[in-house]
Each structure stands twice: as C-alpha cells, then as structure tokens.
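Letter by letter, the chains look like this.
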Amino acid sequence: MKNFTSVHDVTDIDALVQTALACKKEPFANKYAGVNKRVGLLFMNPSMRTRISTQLAAKNLGMDTIVFNIDKDGWKLELEDGAVMNGTTVEHIKDAAPVLNAYFDILCVRTFPALIDRAEDYSEVLLNQLIKHTNIPIVSLESTTLHPLQSLADIITITETFKEDRKPKIVLTWAPHIKPIPQCVANSFAQWVNAWGKADFVVTHPEGYELKEEFTKNATIEYDQHKALHDADFVYVKNWSSYKDYGKILTDGAGWMLTPGHLSATNNAKVMHCLPVRRNVELSDKVLDSVHSIVTQQATNRVCAAQAVLSEILNSN
Ligand code: CP
C-alpha cells in the first residue's frame with residue numbers, strides 16, 4: 001500500500017480487517033516496526049477520534065507523530081496552479097509539500113469541503129496536490145469526499161459483531177441535522193460496503209439526498225425509512241447535505257431521527273454512527289444509551305484501523 005485515500009488503495013479488505021483485529025488483540029506486537037519514522041498529521045478542521053486514534057496507532061508501532069493544525073497555525077495555502085498570489089493566500093502547496101516531504105516519512109491529512117462548489121470539492125484538490133508534490137505515503141484522515149479510516153473501522157466493527165452464517169442486512173439511513181454536513185462519511189461507508197460485497201446493503205433518505213452513484217451503485221435505494229429498516233442487522237445513522245442541490249438542507253427531516261420505535265422493525269439491530277453525534281437530533285438518547293448502540297466500539301476500532309493501515313504502509317515502503 002503506497003497511499004491510503006480510499007478503498008481503491010486496499011487489495012484485500014478482509015485481510016486488512018484481520019490485520020486490524022490482530023493489532024487490537026496485541027497492540028504492541030510490532031512496537032519497533034516504525035522506530036525512527038515520523039508521521040505528520042495535518043488538520044484543516046477539528047477532530048477528536050481521528051487525531052488521537054492515529055497518534056495512538058503510530059505510537060503502538062514506535063513512530064513519532066507531529067500534529068499541525070494547518071488551518072489555525074499554518075500559512076494560508078494556495079492550491080491553484082498558476083495563481084497570482086496577491087490575495088489572502090501566503091504559501092503555495094507546491095512549495096509547502098516538498099518541505100513536508102522532507103520532514104516526514106508518512107503524511108496524514110484531514111481536509112474539509114466548503115460545500116459551495118461541488119466540482120471543486122469532488123476534485124479533492126489538496127489531497128491530489130499533496131500526492132503530486134511529495135513522494136512519501138499520504139493517508140487521508142478524511143477528505144472532501146471520503147473518510148476511509150472511519151469506514152475501515154466500521155467494517156472491522158461489523159465483522160467482529162456479526163457472527164451468523166449469512167450476509168448481514170446493513171441500512172445506511174439519513175438523519176436530520178441543524179447545518180449542512182459533508183457527504184464524506186456516507187460516501188465512504190457506501191463505497192466500502194459495496195467493495196466488501198458481504199452484506200445486503202440498503203441506503204434510505206428523503207428524495208433529493210441521493211449520494212453520488214459511484215459510491216452507492218450496488219445498494220438498494222429506498223425512500224421509505226420504515227420499509228428500509230425491516231429486518232436490518234445494522235443501522236448506520238448519518239446526516240449529509242444534498243449532493244444534487246449541492247450542500248443544501250432540503251428538509252427538516254421530521255420523523256427521520258432514529259428512535260426505539262424505528263428499531264422495532266429491525267432484527268434487533270446494532271446502531272452505528274461515526275461520532276460526534278447530535279443527541280435528540282440525529283439519534284435519540286433512548287437509542288444511544290441502549291444496548292443497540294455500538295458507537296463507542298466503532299470509535300475504539302479507529303485505533304486498530306489506523307494501526308493496520310500504518311503497518312501496511314511500513315511493510316510496503
Ligand atoms: N469520526 C470522526 O472522524 O471523529 P473526529 O471528527 O472527532 O475525528
């Protein structure tokens with residue numbers, strides 16, 4: 001594995017999940033694998049889970065990490081080729097990237113979409129510019145369209161939870177929110193579940209919230225949430241703003257917040273969310289505080305997911 005920016009960088013999802021589960025069982029089994037290697041973690045927006053879990057994962061492998069809040073502490077970056085930099089941007093990515101390349105052995109980056117211009121967000125300009133202007137491995141800590149470390153942790157969580165000899169039914173359900181939220185987590189979860197190919201996969205949302213077909217292609221799209229939830233083994237709850245009417249909130253989503261009533265039609269489903277979650281907006285207290293919720297298990301698995309990815313990168317570079 002050279003880079004880790006989407007499921008397309010993974011040759012065998014189940015093998016990576018097994019590596020992660022081995023890391024979870026024995027976190028320090030390869031504690032010298034990354035000695036004298038430095039990992040840079042660049043953040044363009046806030047984070048708790050991604051930031052800490054990646055640092056813990058690197059430490060378990062003996063690596064040093066440096067976190068740089070580039071949005072607050074860095075020079076404002078210019079991303080456009082040929083820009084005349086007489087405005088607010090101070091440093092071109094073409095100049096910053098080679099410096100980061102010299103400082104680090106692995107560079108991890110979290111970007112964030114502006115949710116104004118769909119073509120711009122979906123071009124993943126910062127991630128791609130970093131890949132272009134460096135020759136060290138680049139790991140996405142969430143990009144403008146995807147969140148692959150979260151999705152790997154989600155597949156790990158489903159694998160260790162579901163022990164029946166059949167395909168689980170997984171439902172990704174849209175939930176209400178008070179502000180426009182990126183499609184990254186939903187896109188990425190759909191992309192990974194499809195690539196994994198080991199589930200009956202249903203995506204449910206109000207009309208107008210269709211995700212990009214590239215990510216949902218093998219899923220059943222169901223606009224009736226109650227119908228979608230029937231017999232579900234896992235319900236993944238997430239808000240996202242419209243992809244079609246880009247970045248917009250189209251409805252207050254009354255009735256879409258997951259409550260115990262919604263779960264009655266499921267197969268005693270486990271409920272997932274990437275966190276942070278807005279209680280009693282996206283998910284009710286009664287669900288989050290019940291035995292249905294496996295959100296802490298998901299967040300816990302962010303460590304072994306990151307450790308598996310860093311291990312694969314160390315092994316192959
Ligand atoms: N799920 C997730 O990425 O959480 P953070 O934003 O806290 O990193």
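What you see is a predicted model; the values in this text were computed from it and never measured.

Calculation notes
Residues numbered from 1 in each chain as written. Predicted model: local features only at pLDDT ≥ 70, side-chain atom pairs only at ≥ 80, totals over all residues. Heavy atoms only, no water. Pairing = 2+ DSSP bridges. Helix = DSSP H or I, 4+ residues; strand = E, 2+ residues; numbered from the N terminus. Axes fitted to C-alpha atoms, helices over the stretch in contact; angles between N-to-C directions. Contact = heavy atoms within 4.5 Å. Salt bridge = Lys/Arg side-chain N within 4 Å of Asp/Glu carboxyl O. Buried < 20%, exposed > 50% of the residue type's maximum accessible area, 1.4 Å probe, protein only. Right-handed = clockwise from strand over helix to strand, strands pointing away.

Asks: What is the right way to look at the sheet that holds strand β6 (residues 138–140) in this model?
Replies: What holds strands together in a sheet is hydrogen bonding between their backbones, with the strands either parallel or antiparallel. If you walk across this open sheet you meet the 4 strands as β2-β1-β5-β6, and the pairing is parallel. Looking at which strands have only one partner, the edges of the open sheet turn out to be β2 (64–69) and β6. Direction aside, neighbouring strands of the sheet carry axes that sit 20° apart on average. Relative to β6, strand β5 (residues 106–110) runs parallel, the two being bridged by 3 bridges. Paired with L107 across the strands is I138, a residue of β6.

Asks: Explain the side chain of Q150 here, please?
Replies: Tracing the chain through its elements places Q150 in helix α7 (residues 148–161). What Q150 contacts, discounting residues up to four positions off in sequence, is Y236, C274, Q298 and R302.

Asks: I'm lost on the pattern of salt bridges in this one. Help?
Replies: Between side chains of opposite charge, a pair can form as their charged atoms come close. Counted according to the given criterion, the structure contains 13 salt bridges. Two residues, D285 and R279, come together in a salt bridge whose shortest N-O distance is 2.8 Å. Note on D285: relative accessible area 31%, which makes it partly exposed. Taking relative accessible area as the criterion, R279 reaches 40% and is therefore assigned partly exposed. Through salt bridges with shared partners, one network takes in D81, K94 and K132.

Asks: Sorry if this is basic, but what is going on with the pairing of β5 here?
Replies: On a regular strand, each side chain points to the face opposite its neighbour's, so the side chains alternate between the two faces of the sheet. Buried residues dominate β5, accounting for 5 of its 5 residues. Burial along β5 is two-sided: I106, C108 and R110 and L107 and V109, pointing in opposite directions, are all buried. Here 5 bridges tie strand β1 (residues 38–43) to β5, and the two strands are oriented parallel to one another. Bridging across to β5, G40 finds its partner in L107.

Asks: It is not clear to me how the pairing of strand β8 (residues 200–204) should be interpreted in this structure. Could you clarify?
Replies: With 4 of 5 residues buried, β8 is to be regarded as a mostly interior element. Relative to β8, strand β7 (residues 169–174) is paired through 5 bridges, and the arrangement is parallel. Its bridge partner lying in β8, L172 is registered against V203. In the classification by handedness, the crossover that spans β7, the intervening helix α8 (residues 184–196) and the parallel β8 is right-handed. The sheet contact formed by β8 and strand β9 (residues 220–222) spans 3 bridges and is parallel. Paired with V203 across the strands is I221, a residue of β9.

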